Amino acid sequence: MTKRIIGLTGGIATGKTTVTNYLASTYGLPILDADIYARDAVTLGSPILEAIAQRYGKQILLADGSLNRQKLGEIIFQHPDERNWIEGLIHPYVGDRFLKEIAQSSSQTLVLVIPLLFEAQMTNLVTEIWVVSCSESQQLQRLIQRNHLSREQAQARINSQLSLEQKASLADIVLDNSSTLEALLKQIDAALAIRSIN
């Protein structure tokens with residue numbers, strides 16, 4: 001029996017963490033998270049961190065030599081070319097990590113959380129795609145509150161990704177997170193009950 005590999009994505013601040021927490025706690029599913037692998041890619045002494053420091057200078061590092069994420073965020077959300085350069089380093093590393101973890105896992109169902117599933121062209125890693133969605137105004141408000149950003153900063157981050165509409169049109173399952181938590185959890189239960197045909 002082939003593994004069921006759910007690619008969970010959606011816009012920033014749409015509720016992906018809520019979905020993965022529920023899948024892990026209620027169903028005991030292994031969660032593989034692209035964000036964690038992306039952080040691993042730039043740990044102290046890693047070749048990727050060294051390449052970043054060479055490109056942007058010491059200002060991109062904190063006093064202990066680790067990456068200044070806030071500074072990097074400012075660069076990549078204002079300069080698409082720089083974001084593309086950074087992602088060109090990090091995405092292959094993340095993809096390799098996923099392949100290793102999938103191969104080593106004995107679980108028949110895995111959840112891969114990949115915020116940039118489409119943008120990073122990682123759809124080939126999964127057997128079905130779930131997109132967590134909500135209204136644009138909700139997404140903006142949640143992001144401003146969660147990350148303490150200005151409206152402009154939040155909008156820049158949202159604009160750096162494919163629109164929710166585009167992501168939803170490419171999904172096998174769309175989880176609508178615009179009403180209550182209970183409504184969202186019911187949709188997750190229903191989505192998990194459908195064994196994807198493809």
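Here, every reference points to the structure presented above.
Residues numbered from 1 in each chain as written. Predicted model: local features only at pLDDT ≥ 70, side-chain atom pairs only at ≥ 80, totals over all residues. Heavy atoms only, no water.

Chemist: Honestly, the overall build of the protein in this entry has me stumped. Any pointers?
Modeler: If you tally the helices and strands in the protein, you get nine helices and five strands. Mapped in sequence order, the helices and strands of the protein form the string β-α-β-α-α-α-α-β-β-α-α-α-β-α. The C-alpha radius of gyration of the protein comes to 17 Å, within 12% of the 16 Å expected for a compact globule of 198 residues. Across its three principal axes, the protein shows a C-alpha extent of roughly 50 × 40 × 25 Å. Residue burial in the protein is summarised as follows: out of 198 residues, 46% are buried. (Helix = DSSP H or I, 4+ residues; strand = E, 2+ residues; numbered from the N terminus. Rg over C-alpha atoms; globule rule 2.2 N^0.38 Å. Buried < 20%, exposed > 50% of the residue type's maximum accessible area, 1.4 Å probe, protein only.)

Chemist: Which parts of the structure should I look at to understand the side chain of Glu82?
Modeler: Along the chain, Glu82 falls in helix α5 (residues 80-104). Among residues more than four places away in sequence, those in contact with Glu82 are Arg55, Tyr56, Ile75 and Ile76. (Contact = heavy atoms within 4.5 Å.)

Chemist: What's the story with the packing of aromatic side chains in this structure? I'm lost.
Modeler: Aromatic ring pairs are reported here in terms of the distance separating the ring centres and the angle at which the planes meet. Counted under the stated rule, the structure contains three aromatic pairs. Aromatic pair Tyr22 and Tyr27: ring centres 6.0 Å apart, planes at 85 degrees, arrangement edge-to-face. By relative accessible area, which is 15% here, Tyr22 ends up buried. A residue is classified by how much of its surface remains accessible, and Tyr27, at 37% relative accessible area, is partly exposed. Their ring planes at 90 degrees and their centres at 6.1 Å tell us that Tyr56 and Trp85 sit as a pair that is edge-to-face. In this pair, Tyr56 is assigned in helix α3 (residues 47-56) and Trp85 in helix α5, connecting sequence segments 29 residues apart. A cation sits over an aromatic face here: Arg55 above Trp85, 4.2 Å from the ring centre. (Phe/Tyr/Trp six-rings, centres within 6.5 Å; stacked < 30°, edge-to-face > 60°. Lys NZ or Arg CZ within 6 Å of the ring centre and 35° of its normal.)

Chemist: So what exactly am I meant to see when it comes to the layout of surface pockets here?
Modeler: By rolling a water-sized probe across the atoms, one finds the places where empty space is left. Estimates place the volume of the largest pocket at around 1400 Å³. Together, 42 residues line the largest pocket, and Ile12, Asp35, Arg39, Phe77 and Pro115 are the ones closest to its centre. Contributing elements (two or more residues each) for the lining of the largest pocket: α1 (16-27), β2 (31-33), α2 (34-41), α4 (69-78), α5 and α6 (136-147). Considered class by class, the residues forming the lining of the largest pocket number 19 nonpolar, 13 polar and ten charged. (1 Å grid on protein atoms, 1.4 Å probe; cavity = no way out; pocket = protein on both sides within 12 Å on 5 of 7 lines; lining within 4 Å. Points joined across faces, edges and corners; volume = space filled by probe spheres on them. Nonpolar A, V, L, I, M, F, W, Y, C, P; charged D, E, K, R; others polar.)

Chemist: Got a minute to help me understand the packing of α6 against helix α7 (residues 151-159) in this structure?
Modeler: Two numbers describe a pair of packed helices, the interaxial angle and the distance between the axes. Interaxial distance between α6 and α7 falls to 9 Å at its minimum, and their mutual angle equals 115 degrees. Handedness of the crossing formed by α6 with α7: right-handed. For the pair α6 and α7, the contacting residues are Gln139, Leu140, Gln141, Leu143, Ile144 and Asn147 in the first and Arg151, Ala154, Gln155, Arg157 and Ile158 in the second. Split into classes, the residues belonging to the contact of α6 with α7 amount to five nonpolar, four polar and two charged. (Axes fitted to C-alpha atoms, helices over the stretch in contact; angles between N-to-C directions. Left-handed = near helix turned anticlockwise from the far one by under 90°.)

Coordinates in, geometry out; function isn't part of it.
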